[in-house]
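What the coordinates show
Here's the letter readout for the chains.
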2 protein chains.
Amino acid sequence: MKNIHKTIHFTIPGFLCFIVCIIMAVNGQAEDGYRLWLRYDKITNAQVLTSYKTSITELVLLGNSPTVTASRKELQTGLSGLLGIQLPEATTVTREGALLIGTPENSPVIASLNLTTSLQAIGKEGFLIQTLKVQGKNSTVITANSEVGVLYGVFHFLKLLQTHQNIQKLAIQSSPKLTHRILNHWDNLDRTVERGYAGFSLWEWHKLPGYIDPRYTDYARANASIGINGTVLTNVNANALVITPAYLEKVKALADVFRPYGIKVYLTARFSAPVEIGGLKTADPLDPGVKAWWNAKADEIYKYVPDFGGFLVKANSEGQPGPQNYGRNHADGANMLADALAPYGGIVMWRAFVYDNKVPDDRAKQAYTEFVPLDGKFRDNVLVQVKNGPVDFQPREPFHPLFGAMPKTPLMVEFQITQEYLGFSTHLAYLSTLFEECLDSDTYAKGPGSTVAKVIDGSLHAHKISGMAGVANIGTDRNWTGHPFGQANWYSYGRLAWDPYVSSEAIADEWIKMTFSNEAAVVNPVKQLMLHSREAIVNYMMPLGLHHLFGWDHHYGPGPWIKNKPRADWTSVYYHQADSLGIGFNRTVSGSNALSQYFPVVREKFSNPKTCPEEYLLWFHHLPWDYTLKSGKNLWEGLVQHYYMGVDSVRGMQKTWNSLEGKIDADRFAQVQQLLKVQEKEAILWRNSCVLYFQTFSRRPIPAGYEKPDKPLEYYEKLEYKFVPGI
Amino acid sequence: MKNIHKTIHFTIPGFLCFIVCIIMAVNGQAEDGYRLWLRYDKITNAQVLTSYKTSITELVLLGNSPTVTASRKELQTGLSGLLGIQLPEATTVTREGALLIGTPENSPVIASLNLTTSLQAIGKEGFLIQTLKVQGKNSTVITANSEVGVLYGVFHFLKLLQTHQNIQKLAIQSSPKLTHRILNHWDNLDRTVERGYAGFSLWEWHKLPGYIDPRYTDYARANASIGINGTVLTNVNANALVITPAYLEKVKALADVFRPYGIKVYLTARFSAPVEIGGLKTADPLDPGVKAWWNAKADEIYKYVPDFGGFLVKANSEGQPGPQNYGRNHADGANMLADALAPYGGIVMWRAFVYDNKVPDDRAKQAYTEFVPLDGKFRDNVLVQVKNGPVDFQPREPFHPLFGAMPKTPLMVEFQITQEYLGFSTHLAYLSTLFEECLDSDTYAKGPGSTVAKVIDGSLHAHKISGMAGVANIGTDRNWTGHPFGQANWYSYGRLAWDPYVSSEAIADEWIKMTFSNEAAVVNPVKQLMLHSREAIVNYMMPLGLHHLFGWDHHYGPGPWIKNKPRADWTSVYYHQADSLGIGFNRTVSGSNALSQYFPVVREKFSNPKTCPEEYLLWFHHLPWDYTLKSGKNLWEGLVQHYYMGVDSVRGMQKTWNSLEGKIDADRFAQVQQLLKVQEKEAILWRNSCVLYFQTFSRRPIPAGYEKPDKPLEYYEKLEYKFVPGI
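Parameters and conventions
- Within every chain, residues take consecutive numbers counted from 1 along the sequence as written.
- To read the labels, note that chains go from A and ligands from 1, taken in the order they are written.
- Per-residue local features are limited, in this predicted model, to residues with pLDDT of at least 70; the limit for side-chain atom pairs, both in listing and counting, is 80 or more; totals at the level of whole chains, interfaces and linings are taken over all residues.
- As a rule here, side-chain values cover all heavy atoms of the structure and leave hydrogens and water aside.
- Numbered from the N terminus, helices here are DSSP runs of H or I no shorter than four residues, and strands are runs of E no shorter than two.
- Atoms counted for the radius of gyration: C-alpha only. Globule rule: 2.2 Å times residue count to the power 0.38.
- Each residue gets one of three labels from its accessible area relative to the maximum for its type: buried under 20%, exposed over 50%, partly exposed in between, using a 1.4 Å probe on protein chains only.
- Residues are treated as being in contact if the distance between any of their heavy atoms lies within 4.5 Å.
- To measure how exposed things are, a 1.4 Å probe is used in the Shrake-Rupley method; for residues, cover is taken only from the protein chains shown.
- Working convention for charge: Lys and Arg count positive, Asp and Glu count negative, and His plus the chain ends are omitted.
- To locate a charge, take NZ of a lysine, CZ of an arginine, CG of an aspartate or CD of a glutamate.
- In this scheme, strands are said to pair when DSSP sees at least two bridges between them.
- Between N-to-C directions, angles cover 0 to 180 degrees, with each direction set by a line fitted to C-alpha atoms, over the stretch in contact for helices.
- As annotated, the domain borders come from an automatic or database domain assignment.
- A 1.4 Å probe defines the accessible area here, and the buried area is the portion of it lost by two parts on being joined, summed over both.
- The salt bridge criterion pairs a side-chain nitrogen of Lys or Arg with a carboxyl oxygen of Asp or Glu, the two atoms within 4 Å.
- We define a polar contact as two N or O atoms separated by no more than 3.5 Å, with the added condition that, inside protein, one atom must be a possible hydrogen donor and the other a possible acceptor, whereas residues neighbouring each other in sequence contribute only through side-chain atom pairs.
- Ten residues, namely Ala, Val, Leu, Ile, Met, Phe, Trp, Tyr, Cys and Pro, are considered nonpolar, four, namely Asp, Glu, Lys and Arg, are considered charged, and the remaining ones, Gly among them, are considered polar.
- Given a helix with a known number of residues, its expected span is that number minus one, times 1.5 Å.
- Here the arc refers to the directions that run from the helix axis out to each C-beta atom.
- Oblique is the label for any angle not covered by the other classes, which are roughly parallel (under 35 degrees), roughly antiparallel (over 145) and roughly perpendicular (65 to 115).
- Pairing of aromatic rings covers Phe, Tyr and the six-membered ring of Trp, with a centre-to-centre limit of 6.5 Å; geometry is then stacked below 30 degrees between planes, edge-to-face above 60, and tilted otherwise.
- Should the NZ of a Lys or the CZ of an Arg lie within 6 Å of a ring centre and within 35 degrees of the ring normal, that charge is described as sitting over the ring.

1. Things to note about the overall build of chain A
A count of helices and strands for chain A gives 23 helices and 16 strands. Over its C-alpha atoms chain A spans a radius of gyration of 27 Å, differing by no more than 12% from the 27 Å that the globule rule assigns to 727 residues. Summarising its shape, the C-alpha atoms of chain A cover approximately 85 × 70 × 50 Å along the three principal directions. Going through the 727 residues of chain A one by one, you find that 64% of them count as buried. For chain A, the proportion of contacts with a sequence separation of at least 24, taken over those separated by at least 6, is 72%. Roughly 25,200 Å² of accessible area belongs to chain A as shown, and the carbon and sulfur atoms make up 53% of that amount. Of the charged side chains in chain A, 71 are positive and 68 negative; the average position of the first set lies 3 Å away from that of the second.

This is the structure we're talking about:
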């Protein structure tokens, strides 16, 4: 190599291949999942790549605001990665293939394009992506009424490239169907995360505000890419310290990072804060001193964070203080806070997940009982946040009867993205199907078609604000969610909050393409695996509508035998009601009559075991062991069959996954492979524990042909787990 | 771009530049510190690169054992990164520039090279790197007596390239001076880390053994690269559960990952384990039942981990149980465990950091008092682990008087890499200078030259086993150590454990080159900054030998005013003894006489304030406020001057760092810049708090010319910190 002026010759395809090899070598250790679905590796399909490079030749994006800068940076990172080009910037369209990006306010060229009608249709956060002739040149225009709308459009455009869509003739118009699309972090100030299985809290409170972890920005990017526009930083089991000045300056630092990405910060308000940090004698919401204290607190918070989103409140539930401590009701409490926030445009999200110290006849009924009478009594800036089902984030629940039952109150749905009851971060469960099942449920509140989606998007009862809350599955784990497929749940939650009518299949399709590969040989099997994954867990954890059979307190592993706890509704026997005659919770008129809370069509359907969908059968009915299922099997046999099907499904998932070796990067392939082995082991644990336990009531054999549990029931009952994460 | 067969022409330098650009673009987000010093980016210096490519043309490395595979993988990763080549492998030397790697056992070519004498000189873990003619070709030979020795050589060779050393005529022979080079993780089973400031524990106990985080391997690589050969997984404040089967299978999984890298796993043994998990009535080390229990426990552990390293024990200290609970002494306790481990080659590391429930006249004396009488009473496989200084990991302490005082017992030195008392992970403190200061201290145990280094490497008293323990600063933070410069402390600890005679400057030099850049314009200023960084902290936290003035319990921030706690030696006033007459702890014959524990030459030097080094002045002496320092200033003025110098140094560090903008990647540049701002703020907090507090005793003004504290003492005294990490 003495002649340093020698030249090297490549053909173009050879050269591209060479570059890809270099990138792969450099990124040898990079498939750790940190990039989530925002992976911008060079497109290897030469035809697609060539087509994109022809269509994308210059960037016209004016302005330097933080949000515009975020758009520019994302585009340049994305395009330099995906296309391997540094896109030249111009101040106006100068050639074919321009990307023209901006709002009518910050871009005179866009203002001149006559898009007013389209823009009026998409609201503040929506976006347009259109192929247009601009100044005589074929251009792709990404525009919106706000800079954040443009940013959403930019992420959407990058997704088109990531998923190899044709971008020749684009005419995309998209706007969110819900106004508040929010993550709830159950993160404590000591960085533990209640029900968190992906490490610890992202928020490094001790180092804030002086040290800003670069990860905060990547968190914001990920959320903006799916349209999430709010984050509640702290646990619903709240600590009042977070609204003291020492913490507010830390909250401000995070809000400053998130703001350019359209994400507002919210906090949980501890109802007793006026006493705990304010030195007052009461937290009575009707006490003038208490009201004044919260008003002053709101003034103070907005000095730190001028666009503070508001409060999320868990009150009078599981020991949290609330207005009932003072003989007031939920509306009294929510309205006091709402009044303090209203001058600044803040909102209150008041949780309907309540149960008080008196054990009710049926915990599933309590939210409805307490909240329906308050319909119409909440301020305009209050949303009542209702869990998807009436018990507690089980692998499957019927929809919550509150949906549709409070027409005068905007209701948010609260989903749990973190897998408290779905195998923590070692089980592969694509939860979009769970979310979708709830959203598609018909409440019949205003006749057929009154789906939960229409309740929560505000369309059924014409509300101006609407929302979805997702309890985050995000932590310090290098890949954010522990399980690589946990990322799909964060993703699908955001997509459904933007549009609760999109299908889980469509979401899975784009997520797989962005996250793993565009190859059909990957996309199709992975999609099938995902779409059936939650049902597998239902089968081995809670078939036929059984529920809440989890390990005591930590909720890890099976605990159908749990009884004799401080409250009946903290036991498993309360929920399964198994005895020598049969099994299931009777919620019909002859039982707790929780069914009375549903609208008549639903109530009637669910009340009759013959018309009740079998997946909810034991949720609503106590049935004899020899009750005949639709399959013709009796209840005991059917139950056993489901438990075994659950384990078989996991084995099937393993087979599918193993067939992808070499088609997916080795790092994530190995991770998922290991996790599926853990899942199989735990699925067997669930199956054996539950079958053996329920057998003590049914006194019937495990039907022939099934592998027999290799340990006696006592073995499973004695298993103890220490230092289980998430509590 | 229709003609896809066009060719692209580059000159070679242009081409290289282009590749670098691509790599930098791809790695845009990659400088997150995760790679530590094992950064293998393409060498940009064309001359160096060309030279290396000529000297490294093929790899001859036989075998497929896990350790050989680790060597091969590291080399291929390293060379493909640094040189941008995929090195062809051959079974024997076929061309000039071969890399011939292996042991005489696994490589016939190496066996034929006549290196027996050299190999005999380097022991089991040492390595040789030599430029030799092999089969007539110029080759680089990396060999050792063990596969792990070869792996150490491979890392060393890669370091030569990373630091741009000439590799034309290598004749390197290196072997560790200490047999046990160990990290102590104070990690709890719930993943909190006592005194951990870099997130949480790496060990995901809940997911083990089923899920093996890829990070475990990178942890092992990093340790092997600096010669660390042991890791204590659990906190010295121990939990007996870790030696139950449920955890031992998890420990085994980690040991299996670490083994190929020459790293043995150790555990902390809770002395009361026989009672807590064994169901015995006593843990008396002389009780036959207790001995039998530990013997059986050792048998059990070695079934899981055949090369288990042994136990680290904190006994009868800070509430931990120990032999004294049964009227036995430390030797009785240590020997019982040593006997259980001896059949398997395991060791016991018994900590000398003890203080019992009776507050002694001077806590600094207690370890010596308890341990010296036991010299000669420990089994051969016991090491006594002694903190570098007699109090507790202060920013500066004189060396521990036990060093040299137990000639019949191998002593390990225990350093704290985690910055409990040195600014957590927000202060830049290069601790190698602290370690070096201790190692270079002359105990005079056997006359001049009896340094601590010679005590702990076993050479002074001819011990067969020797060791160094470092309390790890490693956690789940993406860059492992929180502060990017915390990595230098992990690195320098390992380097000093391998060779306690190497200089901090030399270590800094290579670390900077590997971690940041080989450019002199980076290396020199960063080195200066590092070498003076610890002294800056001494100045603003504990000038002139003051010590233990830290915030109560969490040890965050200043707390010189702390008094009235359950024990006198848990207060600050106990240590500084400030009054209207003067300040300092009198450890001379007229005081606690702790000085009597040192050998005469040292004792005499330290006993006289005029000959006592000023950095230890108030450690050993209580002196009047108007005592004249060597500078001519009185004690009060000198003290104030040190506090102000501390803050000034931090400002100087900021200037130095800011001058490097553009010469260091933007990510780490910004991180360190932010952290230095935090450090400045906290340094001012320390200075103002201490100066104002001590002023209440000295009743003298802050000399003219210094910026005055902007808040009164009461303000500082009232500052409260919640949820401080590390406890």
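2. Notes on the sheet that holds strand β12 (residues 382–387) of chain A
Strand pairing in a sheet relies on backbone hydrogen bonds. The paired strands run either parallel or antiparallel. All names here are of chain A. Around the barrel, eight strands lie side by side as β7-β8-β9-β10-β11-β12-β13-β14; this closed barrel has parallel pairing. Taking each pair of neighbouring strands and ignoring which way they run, the sheet shows an average axis angle of 25°. In the sheet, strand β11 (residues 347–351) pairs with β12 via four bridges, with the strands oriented parallel. In the strand pairing of β12, Met349 is matched with Leu383. This element, helix α13 (residues 432–439), spans β13 (411–416) and β14 (467–471) of the sheet and lies at about 155° to β13. Where helix α15 (residues 486–498) meets the sheet, its contacts fall on β7 (180–184), β13 and β14, and the angle it forms with β7 comes to roughly 155°.

3. A few points about the domain arrangement of chain A
Residues and elements named next belong to chain A. Here the domain parsing of chain A yields domain 1 (46–174), domain 2 (180–514) and domain 3 (539–585 + 622–717). Relative placement of domain 2 and domain 3: their C-alpha centres are 31 Å apart. Each side of the interface is counted separately: domain 2 has 28 residues, and domain 3 has 26 residues. The contact between domain 2 and domain 3 buries some 2,200 Å² in all, and 60% of this surface belongs to carbon and sulfur atoms. Across the pair Asp569 and Arg363 runs a salt bridge whose closest N-O atoms are separated by 3.4 Å. Linking domain 2 with domain 3 are eleven residue pairs in polar contact (both at pLDDT 80 or more). Looking at the side of domain 2 that touches domain 3 residue by residue, the classes come out as eleven nonpolar, eight polar and nine charged.

4. Looking at helix α10 (residues 288–304) of chain A
Residues and elements named next belong to chain A. Under the 1.5 Å per step criterion, the end-to-end length of α10 is 25 Å for 17 residues, consistent within 8% with the ideal 24 Å. Taken together, the buried positions of α10 are Val290, Trp293, Trp294, Lys297, Ala298, Ile301 and Tyr302. The buried residues of α10 occupy an angular sector of 165° when projected down its axis, which confines them to one face. Away from its buried face by more than 90 degrees, α10 exposes Pro288 and Lys303.

5. Topic: the side chain of Arg191 of chain B
One can find Arg191 of chain B in the loop between β7 (180–184) and α7 (214–225). The class of Arg191 of chain B is buried, set by a relative accessible area of 12%. Within the structure, Arg191 of chain B has its side chain in polar contact with the backbone oxygen of Trp203 of chain B (distance 3.4 Å). Not counting residues up to four positions away in its chain, the partners in contact with Arg191 of chain B are Gly199 and Phe200 of chain A together with Phe200, Ser201, Leu202, Trp203, Glu204 and Thr476 of chain B.

6. Some details on the pairing of strand β5 (residues 137–144) of chain A
A regular strand carries its side chains on alternate faces of the sheet. Residue and element names in this part refer to chain A. The buried fraction of β5 is high, at six of eight residues. Note that strand β4 (residues 127–134) and β5 share eight bridges and pair antiparallel. Bridging from a neighbouring strand, Leu132 pairs with Ser139 of β5. Here β4 folds back onto β5 in antiparallel fashion, the turn holding two residues, of which Gln135 has a positive phi close to 45°.

7. A few points about the packing of helix α21 (residues 635–658) of chain B against helix α22 (residues 666–698) of chain B
Working note: a packed helix pair is described by the angle between its axes plus the distance between those axes. Residue and element names in this part refer to chain B. Viewed as axis vectors pointing N to C, α21 and α22 meet at an angle of 170°, and their least axial separation amounts to 9 Å. Relative to α22, α21 is oriented roughly antiparallel. Looking at the contact of α21 with α22, its residues break down into 17 nonpolar, six polar and five charged.

8. Describing the packing of aromatic side chains
For the coordinates displayed, the defined rule picks out 93 aromatic pairs over all chains. For the pair Phe200 of chain A and Phe200 of chain B, a centre-to-centre distance of 3.6 Å together with 5° between the ring planes defines the contact as stacked. Taken as a pair, Phe200 of chain A in the loop between β7 and α7 (214–225) and Phe200 of chain B in the loop between β7 and α7 lie in two separate chains rather than in one. By the burial criterion, Phe200 of chain A is buried, and Phe200 of chain B matches it. Each ring, one from Phe550 of chain A and one from Trp686 of chain A, has its centre 5.0 Å from the other, and the planes form 70°; the classification is edge-to-face. With a gap of 136 residues between them, Phe550 of chain A in the loop between α17 (520–541) and α18 (573–576) and Trp686 of chain A in helix α22 (residues 666–698) connect regions that are remote in the sequence. Residue class for Phe550 of chain A comes out buried when judged on its relative accessible area of 4%. Every member of this aromatic cluster is reached through a ring pair, and the members are Tyr34, Trp37, Trp203, Tyr216, Tyr219, Phe258, Trp480, Trp490 and Tyr491 of chain A. Note that Lys207 of chain B overlies the ring of Tyr211 of chain B, its terminal NZ or CZ placed 5.2 Å from the centroid. Stacked on the ring of Tyr34 of chain A, the Lys or Arg Arg478 of chain B has its end atom at 3.6 Å from the ring centre.

9. Examining the environment of Leu629 of chain A
Residue and element names in this part refer to chain A. Inspection of the secondary structure assignment puts Leu629 in the loop between β16 (623–624) and α21 (635–658). A residue is classified by how much of its surface remains accessible, and Leu629, at 6% relative accessible area, is buried. Sequence separation of Leu629 and Pro558 is 71 residues, and the distance between their C-alpha atoms is 25 Å. Once residues lying within four places of it in the same chain are set aside, the contact partners of Leu629 are Leu544, Glu614, Leu617, Asn634, Leu635 and Gly638.

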